[in-house]
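Letter by letter, the chains look like this.
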Amino acid sequence: MPVKKKTLRLNMLAMFIAIILLQTSIPLIGYIPIGPLEITIIPMTVVVATVLLGTVDGAIIGGVWGFTTFVRAFVWPTSPLAAIVFVNPLISVIPRIMIGVVAGVAYTYLRKHLKSQAASISISAVLGSLTNTILVLGLIYLFYKAKAPQLYQINIKELLPYLLGVVGTNGVPEAIFSGIVTPLIAIPVKKIFDRTNH
């Protein structure tokens, strides 16, 4: 890889890492309250990084978000539940890495089969966002279903419907929001990035 491209890639990685750190540290930058919901927009940052830099770098950016979530669970948890659930790196880190992997594979495939770059990015963003939601909630169910009465004040039989409700009330709106907004950010930035990269 030529020095100019390597330098640009490292600068872009540093920029996306800084954005992730800001989004996880400053209220209303990474999580936007909309009515009773709190829409997580950090997966959009991971998908934009993936579209610009590729699947591996998108997975790295997702991993930074996951590692930040993991560390915060110990030192500055966002909720009492986060201090219990996100101390498990399989829940805090792996789903975030998989956003970049799923979005990257989807984007690469879709760019070959769809004419519209916006549609390719939008579908990849929806899949990346849903990957995060489904993996986090699925792993919570897998690892913590026995602790459901203490964690959620519900019995084990009600945990799965409760988590599916979270997918419906938070996960689906987040995916839709991500699918709409991500192309609006990624397309103009990609044009600038591609011009700079040549």
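Everything numeric here is computed off the predicted structure, so don't read it as measured data.

## Structural notes on the overall build of the protein chain
Now for step 1: Broken down by element type, the protein chain carries nine helices and two strands.
Now for step 2: Helices and strands in the protein chain line up, N terminus first, as α-β-β-α-α-α-α-α-α-α-α.
Now for step 3: Radius of gyration (C-alpha) of the protein chain: 17 Å, near the 16 Å computed for a compact globule of 198 residues.
Now for step 4: Over its C-alpha atoms, taken along the principal directions, the protein chain stretches across nearly 55 × 35 × 30 Å.
Now for step 5: Looking at the protein chain as a whole, 43% of its 198 residues qualify as buried.
Now for step 6: For the protein chain, the computed accessible surface area is about 10,200 Å², with 73% contributed by carbon and sulfur atoms.

## A short note on the packing of aromatic side chains
Aromatic ring pairs are defined here through the distance separating the ring centres and the angle between the ring planes.
Now for step 1: The final tally for this structure, using the stated rule, is two aromatic pairs.
Now for step 2: Relative to Phe70, the ring of Phe67 has its centre 6.4 Å away and its plane inclined at 35 degrees; by these criteria the two rings are tilted. With Phe67 and Phe70 both in helix α3 (residues 55-75) and three residues apart, this pair spans about one turn of that helix.
Now for step 3: On the accessibility criterion, Phe67 (52% relative accessible area) is exposed.

## A word on the side chain of Arg72
Now for step 1: The topology assignment puts Arg72 in helix α3.
Now for step 2: Classification of Arg72 as buried rests on a relative accessible area of 14%.
Now for step 3: Every residue in contact with Arg72, bar those within four places of it in the chain, is listed here: Thr24, Ser25, Pro77 and Thr78.

## Quick look at the environment of Leu164
Now for step 1: Position of Leu164 relative to the elements: it lies in helix α9 (residues 156-197).
Now for step 2: Leu164 gets classed as exposed once you look at its relative accessible area, which sits at 54%.
Now for step 3: On a C-alpha basis, the gap between Leu164 and Gly138 in space is 9.3 Å, while along the polypeptide they are 26 residues apart.

## As for the UniProt feature "transmembrane region" (unreviewed entry) in the protein chain
Now for step 1: Following the UniProt record, the feature "transmembrane region" (unreviewed entry) maps to residues 12-34, 46-71, 83-109 and 121-144 here.
Now for step 2: What you have in residues 83-109 is 85% helix and 0% strand, and the ends, taken at the C-alpha atoms, are 38 Å apart.

## Overview of the environment of Pro183
Now for step 1: With respect to the helices and strands, the residue Pro183 is situated in helix α9.
Now for step 2: Exposure remark for Pro183: the relative accessible area of 9% places this residue in the buried category.
Now for step 3: When near neighbours in sequence (up to four residues on either side) are disregarded, Pro183 contacts Ala118, Ile121, Ser122, Ser178 and Pro188.

## Observations concerning the packing of helix α6 (residues 94-113) against helix α7 (residues 117-144)
Now for step 1: At a closest axis distance of 8 Å, the pairing of α6 and α7 adopts a crossing angle of 150 degrees. On the basis of the axis angle, α6 is roughly antiparallel to α7. Pair α6 / α7 crosses with right-handed handedness. Of the residues in α7, those touching α6 at Pro95, Arg96, Met98, Ile99, Val102, Ala103, Ala106, Tyr107, Leu110 and Arg111 are Gln117, Ser120, Ile121, Ile123, Ser124, Leu127, Gly128, Thr131, Asn132, Leu135, Val136 and Leu139.
Now for step 2: Along the lines of polarity and charge, the residues of the contact of α6 with α7 split into 14 nonpolar, six polar and two charged.

Basis of the calculations
- Residues numbered from 1 in each chain as written.
- Predicted model: local features only at pLDDT ≥ 70, side-chain atom pairs only at ≥ 80, totals over all residues.
- Heavy atoms only, no water.
- Helix = DSSP H or I, 4+ residues; strand = E, 2+ residues; numbered from the N terminus.
- Rg over C-alpha atoms; globule rule 2.2 N^0.38 Å.
- Buried < 20%, exposed > 50% of the residue type's maximum accessible area, 1.4 Å probe, protein only.
- Areas by Shrake-Rupley, 256 points an atom, 1.4 Å probe, with all protein chains shown as cover.
- Phe/Tyr/Trp six-rings, centres within 6.5 Å; stacked < 30°, edge-to-face > 60°.
- Contact = heavy atoms within 4.5 Å.
- UniProt positions renumbered as here; feature names shortened; annotations may be inferred.
- Axes fitted to C-alpha atoms, helices over the stretch in contact; angles between N-to-C directions.
- Parallel < 35°, antiparallel > 145°, perpendicular 65-115°, else oblique.
- Left-handed = near helix turned anticlockwise from the far one by under 90°.
- Nonpolar A, V, L, I, M, F, W, Y, C, P; charged D, E, K, R; others polar.

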